[in-house]
Amino acid sequence: MKSVRIIPCMDVDGGRVKKGVRFLDLVDAGDPVDLAVRYDAEGADEVVFLDITASHEGRETMVEVVERAADRLFIPLTVGGGVRSVDDAKKLLYAGADKVSVNTAALERPELITEMARELGSQCVVVAIDVKRVSGAVRWSVYTHGGRRALRLDALAWAVEAVERGAGELLVTSMDRDGTGSGFDIALTRAVTDAVSVPVIASGGVGGVADFVEGALSGRAEGLLAAGVFHRREIAIADVKEALAAAGVGVRPASQAGVSLHDH
Amino acid sequence: MIAVVDYGIGNLRSAEKALVRVGADARLVADPEELGEAAAVVLPGVGAFGMCARELRSRGFARFVVEAIESGKPFLGICIGFHLLYGRSEEDDTAKGLGLLGGTVRRLSGSVKLPHMQWNRLDRTRGREAAMLSGIHGDSWVYFVHSYAPVPDPVMQGVVATCDYGGPVVAGVEVGNVWATQFHPEKSGAVGLSILTRFVERCGEVAAGRVMRSEGL
């Protein structure tokens, strides 16, 4: 049966987790590997490291972070941020990442998606799309550069093209909702999940446990991503999973989390 | 030493690290001849069947993997490493697998999203012993990433577990010394590490002569 993944996301700057609110205001929240291991133990189904470091040296730091994660993390790991070539992606995969997400570079040169899918396999190619609502016939438009730059591009059209080019998964962030705690943009999530044949991760806006249930039931997302509510310990992953299971959504029990089976 | 076949495709480090985590003397092996010295062989696999099949051959591993399996050494194939045990896959007609098991790798069907990229519950095959799952709770979830899966011939040959995704999907196979999983035990948290622990224990038992080394396929 279909099951939904709960995915904590860590914005990483120079090897440290930053808590981003509305893509800007950044506060240090610790070592990404420590935090990822904590989320694994608490029942996360997957984790995302998003490298928001601007410098080239920072990129090398990210490879080291992924290598350290490979020693201690035994759930899927997606890494993104600043990936511009097949070689960038390879470095992260060989370091221990399972999937690599691309965003701006894929918009600048969509062939990158095709090349990555051909050389690395679609299953490890995630295309991340940052989206804002706009007025007019096109309801959602694509943004780049961490949400600072608007493209005149229909988000649904880009989602479909990304999948045609070989994306194995889409990570769709509502920038209107990100950091607001007002819930996922359900209409956006549903529109994308219905438009493509690959799994979709919804991101941006989680404020409470009920938002996850709505994202799964109304949004029909395959993955539900959140950051701040987990980093600030406002929501426990086990509670999210209990609520999802109670609502009839397929979900891996949080009791199977971590690296050893106790009274399971 | 447990050799994890390093044939230059994607994330192989995770399989090695997970085996080390459960106490194995495991390492990535890029020189095919080293498989001869290994006590056991793990063939991971990510990406596409054709690419993996070609890399396995062009790097000279195919013959040594077959030799290791035929000699009765404990063997674990993961995902595409599982698919490679069969002769062919619908994913790539031009590529040849090792053809050690009967059957074909087919595209998943049903009204489901592909890739099947999620955790799913293992359904054990009734009346069949599953050494890889011994001591593991019935309601166990593991992580899958694939769009194709083997359809064994004879039907259900060696199948010890399936999962439900638009219909039954073969999740685990045991045939003699060969264990294989469609899911990724190295990415399946506590359940996955338990399965790898069973494999490492089996390697120890074979090495100590407590379990008869099987004839191989």
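Cut-offs used in this document
- Residues numbered from 1 in each chain as written.
- Chains lettered and ligands numbered in written order.
- Predicted model: local features only at pLDDT ≥ 70, side-chain atom pairs only at ≥ 80, totals over all residues.
- Heavy atoms only, no water.
- Contact = heavy atoms within 4.5 Å.
- Buried area = accessible area lost by both parts, 1.4 Å probe.
- Salt bridge = Lys/Arg side-chain N within 4 Å of Asp/Glu carboxyl O.
- Polar contact = N/O pair within 3.5 Å; in protein donor to acceptor, adjacent residues only side chain to side chain.
- Nonpolar A, V, L, I, M, F, W, Y, C, P; charged D, E, K, R; others polar.
- 1 Å grid on protein atoms, 1.4 Å probe; cavity = no way out; pocket = protein on both sides within 12 Å on 5 of 7 lines; lining within 4 Å.
- Points joined across faces, edges and corners; volume = space filled by probe spheres on them.
- Helix = DSSP H or I, 4+ residues; strand = E, 2+ residues; numbered from the N terminus.
- Axes fitted to C-alpha atoms, helices over the stretch in contact; angles between N-to-C directions.
- Parallel < 35°, antiparallel > 145°, perpendicular 65-115°, else oblique.
- Left-handed = near helix turned anticlockwise from the far one by under 90°.
- Pairing = 2+ DSSP bridges.
- Core = buried A, V, L, I, M, F, W, Y, C linked by side-chain atoms within 4.5 Å.
- Buried < 20%, exposed > 50% of the residue type's maximum accessible area, 1.4 Å probe, protein only.

Novice: Help me get a handle on the interface of chain B and chain A, residues and values and all.
Specialist: Taken together, the contact pairs 35 residues of chain B with 47 residues of chain A. In total, chain B and chain A occlude about 3,200 Å² of area from one another, counting both sides; carbon and sulfur atoms represent 55% of this. Per-residue buried area on chain B facing chain A is highest for B:K113, B:W119 and B:W141; these three make up 21% of the total on that side. Residue A:E67 pairs with B:R13 through a salt bridge whose shortest N-O separation is 3.7 Å. Here chain B and chain A share 24 residue pairs in polar contact (both at pLDDT 80 or more) between them. Tallied by class, residues from the side of chain B that touches chain A come to 15 nonpolar, twelve polar and eight charged.

Novice: Account for the layout of surface pockets, with residues named and values stated.
Specialist: By volume, the second largest pocket amounts to about 870 Å³. What lines the second largest pocket is a set of 49 residues, among which A:G121, A:S122, A:Q123, B:G47 and B:E91 lie closest to the centre. Looking at the lining of the second largest pocket, the elements that each hand over two or more residues are helix 3 (86–95) and helix 5 (111–120) of chain A together with helix 2 (49–58), helix 4 (80–83) and strand 9 (141–146) of chain B. Residues that form the lining of the second largest pocket fall into these classes: 21 nonpolar, 16 polar and twelve charged.

Novice: Got a sec to walk through the packing of helix 8 (residues 209–217) of chain A against helix 10 (residues 237–246) of chain A? Specific residues and values, please.
Specialist: Residue and element names in this part refer to chain A. Packing of helix 8 against helix 10 leaves a shortest axis separation of 9 Å and a crossing angle of 45 degrees. The angle between helix 8 and helix 10 falls in the class oblique. The two elements helix 8 and helix 10 cross, and the hand of that crossing is right-handed. Only D239, V240, A243 and L244 of helix 10 make contact with helix 8, whose side of the interface consists of V209, F212, V213 and A216. Residue composition of the contact of helix 8 with helix 10, grouped by class: seven nonpolar, no polar and one charged.

Novice: Could you give an account of the sheet that holds strand 1 (residues 2–5) of chain B, naming the residues involved and the relevant values?
Specialist: Residues and elements named next belong to chain B. Spatially, eight strands are ordered 2-1-3-4-13-12-11-8 in an open sheet, and the strand pairing comes out mixed. Every interior strand has two partners, whereas the edge strands, strand 2 (26–29) and strand 8 (123–124), have only one. The pairing of strand 1 with strand 3 (residues 40–43) spans three bridges and is parallel. Considered in strand 3, the bridge of I2 is made with A40.

Novice: Pulling in residues and values, what's your account of the nonpolar core?
Specialist: Side chains of a nonpolar character, in soluble globular proteins, are inclined to be buried together. Grouped together as the largest cluster of nonpolar side chains are 81 residues, with contacts concentrated most on A:F49 and A:L170. Filtering out sequence-adjacent residues up to four positions away, A:F49 remains in contact with A:M10, A:V12, A:P32, A:V33, A:A36, A:M62, A:V65, A:A69, A:L77, A:T78, A:V79 and A:G80. In this structure, B:V4, B:A15, B:V178 and B:A180 belong to the second largest nonpolar core, which totals 80 residues.

Novice: Could you give an account of the pairing of strand 10 (residues 148–152) of chain B, naming the residues involved and the relevant values?
Specialist: Residue and element names in this part refer to chain B. Most of strand 10 is tucked away: four of the five residues are buried. Examined bridge by bridge, strand 6 (residues 103–107) and strand 10 share five bridges and lie antiparallel to one another. Among the inter-strand pairings, G103 is bridged to a residue of strand 10, identified as P152.

Novice: Please provide a residue-by-residue account of empty space enclosed by the protein, values included.
Specialist: Residues and elements named next belong to chain B. Tallied over the full model, the rule gives one cavity of 30 Å³ or more. Of the pockets and cavities examined, the largest cavity occupies roughly 30 Å³. Forming the boundary of the largest cavity are A53, L56, R57, A62, L84, K96, G97 and L98. When residues in the lining of the largest cavity are grouped by element, the largest group, three residues, is from helix 2. Looking at the lining of the largest cavity residue by residue, the classes come out as five nonpolar, one polar and two charged.

Any functional reading would require information that these geometric values do not contain.
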